[in-house]
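Okay, here's what each chain looks like letter by letter:
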Amino acid sequence: MEVKKIEWRKTEPGFSTRKKPQILTIPEQNYFSIRGIGDPNLPDFSKRIQVLYPLAYSIRMSQKAGWVIPNFQLYTVYPLEGYWGLQEKFLNAPVMQKSHFEYKIGIKQPDFVTPEIAASAKQRVLAKVDPALLDAVFFERRPAQLVAQILHVGSFDDEPTTFKILDDFIKQNGYQRIEKEHTEIYMSDFRRVEEAKRKTILRVAIKKI
């Protein structure tokens with residue numbers, strides 16, 4: 001029997017790489033997530049990424065490992081996402097620095113992934129990752145959310161220019177941001193794609209005024 005494939009780039013909201021800003025509702029979604037603080041250019045951030053991918057791929061490649069997951073569907077592993085804000089003690093700092101960041105990074109999981117499957121995945125990667133970081137990973141069901149988003153192409157340091165376009169779009173359409181934090185979806189692997197060509201979806205939570 002042919003296994004149906006999840007074509008998330010084509011069928012799921014929120015992964016559009018068109019450059020025009022848009023408003024949309026993101027449904028409830030599953031994630032493997034881990035929290036962190038500080039400069040994402042330092043090794044600690046990379047280590048946290050490195051514990052997420054083995055978990056994601058253990059589920060994606062489960063059939064080859066003889067792990068039978070109920071309702072399994074083929075899919076490409078979802079992109080890495082980051083939810084970015086500032087540590088509370090730096091909220092009033094006169095100049096924002098990368099060391100002030102507080103973040104949650106995660107990789108979305110298909111709807112067939114349950115807490116039980118997630119727990120099994122953690123057991124299966126025990127020998128491959130830092131056990132302390134693995135213990136810090138949690139599986140969560142994020143609620144539906146009304147958002148505005150835009151595609152940014154280029155360096156992360158140039159994001160403020162793109163955010164200005166997004167903020168203007170939000171105001172012009174009668175909405176407002178409901179939090180200072182934002183989400184970044186890394187549609188390009190920033191470890192391999194040159195800075196000028198990186199594609200990152202910038203997303204903020206909003207409400208109607």
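So, how was this worked out
- Residues numbered from 1 in each chain as written.
- Predicted model: local features only at pLDDT ≥ 70, side-chain atom pairs only at ≥ 80, totals over all residues.
- Heavy atoms only, no water.
- Helix = DSSP H or I, 4+ residues; strand = E, 2+ residues; numbered from the N terminus.
- Buried < 20%, exposed > 50% of the residue type's maximum accessible area, 1.4 Å probe, protein only.
- Contact = heavy atoms within 4.5 Å.
- Polar contact = N/O pair within 3.5 Å; in protein donor to acceptor, adjacent residues only side chain to side chain.
- Expected span 1.5 Å × (residues − 1).
- Axes fitted to C-alpha atoms, helices over the stretch in contact; angles between N-to-C directions.
- Parallel < 35°, antiparallel > 145°, perpendicular 65-115°, else oblique.
- Left-handed = near helix turned anticlockwise from the far one by under 90°.
- Nonpolar A, V, L, I, M, F, W, Y, C, P; charged D, E, K, R; others polar.
- Phe/Tyr/Trp six-rings, centres within 6.5 Å; stacked < 30°, edge-to-face > 60°.
- UniProt positions renumbered as here; feature names shortened; annotations may be inferred.
- Core = buried A, V, L, I, M, F, W, Y, C linked by side-chain atoms within 4.5 Å.
- Domains from an automatic or database assignment.

*Asks:* A description of the environment of Ser188 should follow, citing residues and the corresponding values.
*Replies:* Mapped onto the elements, Ser188 comes out in the loop between strand 10 (182-186) and strand 11 (199-208). Look at Ser188 and you get buried, because its relative accessible area is 14%. For the pair Ser188 and Thr200, spaced 12 residues apart in sequence, the C-alpha separation works out to 6.9 Å. Apart from the residues within four sequence positions on either side, Ser188 is in contact with Val193, Lys197, Arg198 and Lys199. At 2.9 Å, the side chain of Ser188 and the backbone nitrogen of Lys199 are in polar contact.

*Asks:* Account for helix 2 (residues 43-60), with residues named and values stated.
*Replies:* Residues that lie three or four places apart on an α-helix share one face, since the helix turns once every 3.6 residues. With 18 residues, helix 2 ought to run about 26 Å at 1.5 Å a step, and its terminal C-alpha atoms sit 26 Å apart, in line with that. Those residues of helix 2 lying buried are Phe45, Arg48, Ile49, Val51, Leu52, Leu55, Ala56, Ser58 and Ile59. As for helix 2, its buried residues are in contact with strand 3 (29-37), strand 4 (74-75), strand 5 (80-86), strand 6 (101-109), helix 3 (115-124) and helix 4 (131-136).

*Asks:* Give me the packing of helix 2 against helix 3: which residues, what numbers.
*Replies:* Orientation of helix 2 relative to helix 3, taken along the N-to-C sense of each, is 115°, at an axis distance of 9 Å. With respect to their mutual orientation, helix 2 and helix 3 come out roughly perpendicular. The hand of the helix 2/helix 3 crossing is right-handed. Only Ile117, Ala121 and Lys122 of helix 3 make contact with helix 2, whose side of the interface consists of Leu55, Ser58 and Ile59. Split into classes, the residues belonging to the contact of helix 2 with helix 3 amount to 4 nonpolar, 1 polar and 1 charged.

*Asks:* Got a sec to walk through the packing of aromatic side chains? Specific residues and values, please.
*Replies:* With the rule as written, the count across this model stands at 14 aromatic pairs. Ring centres of Phe45 and Trp84 lie 5.7 Å apart, and the angle between their planes is 40°; on these two criteria the pair is classed as tilted. Of this pair, Phe45 sits in helix 2 while Trp84 sits in strand 5, placing them 39 residues apart in sequence. Comparing Phe45 with Trp84, the two get one shared label, buried. Each ring, one from Phe72 and one from Tyr75, has its centre 6.4 Å from the other, and the planes form 55°; the classification is tilted. Residue Tyr75 is classed as buried on the basis of its relative accessible area of 2%.

*Asks:* Can you explain the UniProt feature "domain: GyrI-like small molecule binding" (unreviewed entry) in the protein? Please cite residues and give values.
*Replies:* Under the UniProt annotation, "domain: GyrI-like small molecule binding" (unreviewed entry) lies at residues 20-204. Summarising residues 20-204: 26% helix, 32% strand, and an end-to-end C-alpha distance of 15 Å.

*Asks:* Which residues make up the nonpolar core, and what values do they have?
*Replies:* By size, the foremost hydrophobic cluster in this structure holds 40 residues, and its most contacted members are Phe32, Val51, Leu52, Ile59, Leu80, Ile105 and Phe112. Within the residue set of this core, elements represented by two or more residues are strand 3, helix 2, strand 5, strand 6, helix 3, helix 4 and strand 10. Top contributing element to this core by residue count: helix 2, with 7 residues. In this structure, this core is formed jointly by two domains, domain 1 (1-27 + 144-208) and domain 2 (29-142), each of which donates at least three residues. Sequence-distant contacts of Leu52, that is, excluding residues within four places in its chain, are made with Phe32, Ser33, Ile34, Leu80, Ile105, Gly106, Ile107 and Val137. Counting 10 residues, the second largest nonpolar core, distinct from the first, contains Phe163, Phe169, Leu202 and Ile206.

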